[in-house]
Amino acid sequence: MPPDVTTLDIIAFVWFIGSWVGFTVTQDHLMAGRNVVNRHLRIVRRHWIERMLERDNRIMDAQLFGHTMHSCTFFASTNMLVLAGLIGSFGAAERAQQLISDLSFAVATSHQMFEIKMLLMVVIFTFGFFKFTWALRQYNYCCALIGSAPMPPVPPQDRREIAQTISEALTLAIVALNGGIRAYYFALAALVWIIGPIPLIAASSGVVFVLTRRQAFSATEKVIRVQTQWLERNDSSKAK
C-alpha cells in the first residue's frame with residue numbers, strides 16, 4: 001500500500017466502483033420496465049424485425065444492422081489504441097508523473113500511487129475491450145438468426161415469435177456495446193483522480209447523473225417514447 005493513500009482515497013475509489021456497478025445493475029436490470037431509452041428501443045427493435053419479416057427486399061435492414069456493427073468495431077479499435085497508449089506509458093511512468101505533478105491543479109502523489117491510478121485506467125479499458133468484443137460476437141450470432149429468418153408470407157404468430165427472439169438477441173448485443181461505451185465515461189471520471197479524491201467522487205456522481213438524465217429525462221427519450229407508443233397502439237389495432 002502506497003504511503004500517501006488516505007482514507008478519503010479509499011472512500012473515493014469505493015464510491016467510483018459502487019457508482020459504476022450500481023448504475024449498470026439499475027440500468028440493465030432494475031429499470032427494464034420503466035420509461036427509459038433502452039426499454040423503448042427494445043420494443044422498437046421488435047417492431048423493426050416484424051417489419052423485416054414482411055419484406056421481400058431486406059437490403060435496408062442489412063444496411064441498418066451493418067451500421068451498428070461498424071459502430072461497435074470503431075469503439076473496439078479505438079479502445080485498443082487507448083489501451084496500447086496506456087500500457088506504453090508505463091515505460092515512461094516517471095516522466096509522465098513529473099509532467100502531471102507540474103500541473104497546478106494536480107495533487108502530489110508518490111510513484112506507487114501514480115502507477116495505481118494508471119493501472120486503474122488500464123483495467124477500465126481492458127474491461128471495455130472485452131465488452132466490445134463480446135458485443136461483436138453477439139452481432140455475428142444475430143447475423144445468423146437474421147439470415148435464417150423465413151421469407152414472407154410468415155404467419156402472424158410465427159412472425160411475433162421470431163421477431164421476439166431476434167430482437168432479444170440484438171438487444172443483448174447492444175447491452176454489451178453499451179457496457180463498453182459506459183467504460184469510456186467512467187474512465188474520464190477515473191482520470192479526475194489525479195486532481196484528488198473529492199473530484200473523483202464528484203466526477204463519478206456526475207457521470208451517473210448525465211447517463212441517467214439521457215436515459216430517462218432527455219428530449220430524445222420523449223421523442224422515442226412517442227414513437228414507441230404509436231407502434232404499440234398500431235400493433236394492438238391490427239391484432240383486433
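Computed from a predicted model, the values in this text were never measured in an experiment.

Visitor: Run through the overall build of the protein chain, naming residues and quoting values.
Guide: Counting secondary structure elements, the protein chain contains eight helices and zero strands. Overall, the protein chain shows an N-to-C arrangement of helices and strands of α-α-α-α-α-α-α-α. Against the globule reference of 18 Å for 240 residues, the protein chain gives a C-alpha radius of gyration of 22 Å, more extended than a compact globule. In terms of overall dimensions, the protein chain has a C-alpha envelope of 70 × 35 × 25 Å along the principal axes. For the protein chain, buried positions account for 37% of its 240 residues. Within the protein chain, the 16 negative side-chain charges are centred at a point lying 8 Å from the centre of the 22 positive side-chain charges.

Visitor: Which residues make up the packing of aromatic side chains, and what are the values?
Guide: This model, assessed by the stated rule, comprises 13 aromatic pairs. Pairing F75 with F132 gives two aromatic rings, centres 5.8 Å apart and planes at 10 degrees, and the pair type is stacked. Taken together, the residues F75 in helix α3 (residues 59-89) and F132 in helix α5 (residues 111-147) connect sequence positions 57 residues apart. Residue classification places F132 among the buried positions, given a relative accessible area of 0%. Ring geometry for F75 against Y184: centres 5.8 Å apart, planes inclined by 70 degrees, an arrangement best described as edge-to-face. Residue F75 is located in helix α3, and its partner Y184 is located in helix α6 (residues 156-191); the two are separated by 109 residues in the primary sequence. Note on F75: relative accessible area 24%, which makes it partly exposed.

Visitor: Explain the pattern of salt bridges to me, using residue names and the numbers behind them.
Guide: Pairs can form between side chains of opposite charge once their charged atoms are near each other. Tallied over the full model, the rule gives nine salt bridges. A salt bridge links D28 to R182; its shortest N-O distance comes to 3.5 Å. Residue D28 is found in helix α1 (residues 7-30), and its partner R182 is found in helix α6; the two are separated by 154 residues along the sequence. With a relative accessible area of 6%, R182 lands in the buried category. Across the salt bridge formed by R225 and E221, the nearest N and O atoms sit 2.9 Å from each other. Of this pair, R225 and E221 both sit in helix α8 (residues 219-239), four residues apart, roughly one helical turn. What makes R225 partly exposed here is its relative accessible area of 27%. Looking at E221, the relative accessible area reads 1%, which means it is buried. The structure contains a network of salt bridges with shared partners spanning R46, E50, R51, E54, R159 and E232.

Visitor: Let's hear about the packing of α1 against α5: which residues, and what values?
Guide: Relative to each other, α1 and α5 sit at 5 degrees, their axes nearing to 14 Å. Between α1 and α5, the interaxial angle falls into the category roughly parallel. Side by side, α1 and α5 meet where D9, F13, F16 and W20 of the first sit next to M113, L120, I124 and F127 of the second. Residues belonging to the contact of α1 with α5 are distributed by class as follows: seven nonpolar, no polar and one charged.

Visitor: Lay out the environment of A203 with the relevant residues and their values.
Guide: Position of A203 relative to the elements: it lies in helix α7 (residues 197-216). The contacts of A203, once residues within four sequence positions are left out, are A189 and V192.

Visitor: An account of the side chain of Q27 is requested, with residue identities and associated values reported.
Guide: Relative to the elements of secondary structure, Q27 occurs in helix α1. Judged by its relative accessible area of 5%, Q27 is buried. Leaving out residues up to four positions away in the same chain, Q27 has contacts with V36, N38, R182 and Q215.

Visitor: Describe the state of the cysteines, naming the residues involved and giving the relevant values.
Guide: This structure, assessed with the given rule, holds zero disulfides. Cysteine C142 shares no disulfide, and the gap to the nearest cysteine sulfur, in C143, comes to 7.2 Å.

Visitor: How would you explain the nonpolar core if you had to name every residue and give the values?
Guide: In terms of nonpolar packing, the biggest core is built from 46 residues, with F16, I49, I124, F125, Y139 and L170 touching the most fellow members. Among the elements of the structure, α1, α2 (37-53), α3, α5, α6 and α7 are those that each provide at least two residues to this core. When residues in this core are grouped by element, the largest group, 14 residues, is from α6. Residues within four places of L170 in sequence aside, it is in contact with R45, W48, F65, Y139 and C142.

Here is what the cut-offs are and how they apply
Residues numbered from 1 in each chain as written. Predicted model: local features only at pLDDT ≥ 70, side-chain atom pairs only at ≥ 80, totals over all residues. Heavy atoms only, no water. Helix = DSSP H or I, 4+ residues; strand = E, 2+ residues; numbered from the N terminus. Rg over C-alpha atoms; globule rule 2.2 N^0.38 Å. Buried < 20%, exposed > 50% of the residue type's maximum accessible area, 1.4 Å probe, protein only. Lys, Arg positive; Asp, Glu negative; His and termini not counted. Charge placed at Lys NZ, Arg CZ, Asp CG, Glu CD. Phe/Tyr/Trp six-rings, centres within 6.5 Å; stacked < 30°, edge-to-face > 60°. Salt bridge = Lys/Arg side-chain N within 4 Å of Asp/Glu carboxyl O. Axes fitted to C-alpha atoms, helices over the stretch in contact; angles between N-to-C directions. Parallel < 35°, antiparallel > 145°, perpendicular 65-115°, else oblique. Contact = heavy atoms within 4.5 Å. Nonpolar A, V, L, I, M, F, W, Y, C, P; charged D, E, K, R; others polar. Disulfide = S-S within 2.5 Å. Core = buried A, V, L, I, M, F, W, Y, C linked by side-chain atoms within 4.5 Å.

All we've got here are geometric facts, nothing functional implied.
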